[in-house]
Amino acid sequence: MAKVTLYPSEEVIEVRDDQNLLEALRDRGVYIKSSCGGVASCSDCIIKIRSGEDEVSPPPFEELALLGNVFHITKERLACQTYAQGDITIDISDHDKQKDQARLQSKTSSQHRKNNPAIKVRKKDDVRKIYDERRAKREEKNKASQNEDWVRHWEKNKENAGETDSVPRPKRLGGGQRPKPFTYTKDDDESKD
Ligand code: FES
């Protein structure tokens with residue numbers, strides 16, 4: 001069991017060494033932002049190691065791919081990929097539940113939509129109408145393409161040539177004759193002498 005001190009609350013929690021910090025903190029009701037559920041793809045769960053940086057597990061490949069190999073400068077780690085192997089202090093001041101909720105709400109609020117006219121909110125009926133229109137257009141296009149001349153140009157050629165067979169003959173583009181086989185006669189021998 002390792003002791004993890006949380007900054008700024010100074011709360012101390014005990015963490016098993018087979019449990020990553022994200023799980024451990026969540027088990028104790030401490031809020032840590034996360035969108036990917038702990039699979040090292042969102043980088044929302046970043047925490048700072050204030051002390052005991054030698055007492056944490058080394059970053060795995062997935063974490064290095066997200067944050068780069070700069071821990072010695074930034075002291076930042078992904079909580080979901082970090083295991084405490086000794087007593088450490090971590091800074092979780094960036095993880096404020098109320099702030100995150102307010103930000104999320106403001107993003108989805110009607111006022112936000114009014115301020116950003118690029119955001120379109122369509123009602124179900126409107127969406128169905130658009131789908132119907134698109135389907136009608138597609139069907140019309142398919143019908144038109146079936147009647148177009150270029151699709152049946154071979155039939156047109158056949159009619160002009162007065163052909164009746166159903167399989168159109170491929171057009172010969174010159175050089176259609178076979179080369180004559182080489183023949184050897186007695187006269188050739190005599191002419192040499
Ligand atoms: S929870 Fe998404 S990267 Fe850690």
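As the structure is a computational prediction, the values presented were derived from the model and not from experiment.

### Considering the overall build of the protein chain
So, step 1. Scanning the protein chain for helices and strands turns up eight helices and five strands.
So, step 2. The secondary structure elements of the protein chain, listed N-terminal to C-terminal, are β-β-α-β-α-α-β-β-α-α-α-α-α.
So, step 3. Here the analysis covers contacts within the protein chain between residues at least 6 apart in sequence; of these, 59% occur between residues at least 24 apart.
So, step 4. Of the roughly 15500 Å² that the protein chain leaves accessible, carbon and sulfur atoms contribute 48%.

### Some thoughts on the environment of Met-1
So, step 1. The topology assignment puts Met-1 in the segment before β1 (2-7).
So, step 2. Taking the relative accessible area as the measure of exposure, Met-1 reaches 68% and is therefore exposed.
So, step 3. In this structure the C-alpha to C-alpha distance between Met-1 and Asp-18, which are 17 residues apart in sequence, comes to 9.4 Å.

### Concerning the sheet that holds β1
So, step 1. Spatially, the five strands line up as an open sheet ordered β2-β1-β5-β3-β4, and their pairing is mixed. Two strands close off the open sheet at either side, each with one partner strand: β2 (12-15) and β4 (76-78). Neighbouring strand axes in the sheet, compared pairwise and without regard to direction, differ in orientation by 40° on average.
So, step 2. The pairing of strand β3 (residues 46-51) with β4 spans three bridges and is classified as antiparallel. Following the sheet pairing, Ile-46 is matched in β4 by Leu-78.

### Quick notes on a positive patch on the surface
So, step 1. Taken together, the side chains of Lys-120, Arg-122, Arg-134 and Lys-137 define a basic patch exposed on the protein surface.
So, step 2. Assignment of secondary structure puts Arg-134 in helix α6 (residues 124-147).
So, step 3. A relative accessible area of 52% means that Arg-134 is categorised as exposed.

About the criteria used
- Residues numbered from 1 in each chain as written.
- Predicted model: local features only at pLDDT ≥ 70, side-chain atom pairs only at ≥ 80, totals over all residues.
- Heavy atoms only, no water.
- Helix = DSSP H or I, 4+ residues; strand = E, 2+ residues; numbered from the N terminus.
- Contact = heavy atoms within 4.5 Å.
- Areas by Shrake-Rupley, 256 points an atom, 1.4 Å probe, with all protein chains shown as cover.
- Buried < 20%, exposed > 50% of the residue type's maximum accessible area, 1.4 Å probe, protein only.
- Pairing = 2+ DSSP bridges.
- Axes fitted to C-alpha atoms, helices over the stretch in contact; angles between N-to-C directions.
- Patch = residues over 30% accessible without salt bridge, like charges linked within 9 Å, V, L, I, M, F, W, Y side chains within 5 Å.
- Salt bridge = Lys/Arg side-chain N within 4 Å of Asp/Glu carboxyl O.
- Lys, Arg positive; Asp, Glu negative; His and termini not counted.
- Charge placed at Lys NZ, Arg CZ, Asp CG, Glu CD.

Any functional reading would require information that these geometric values do not contain.
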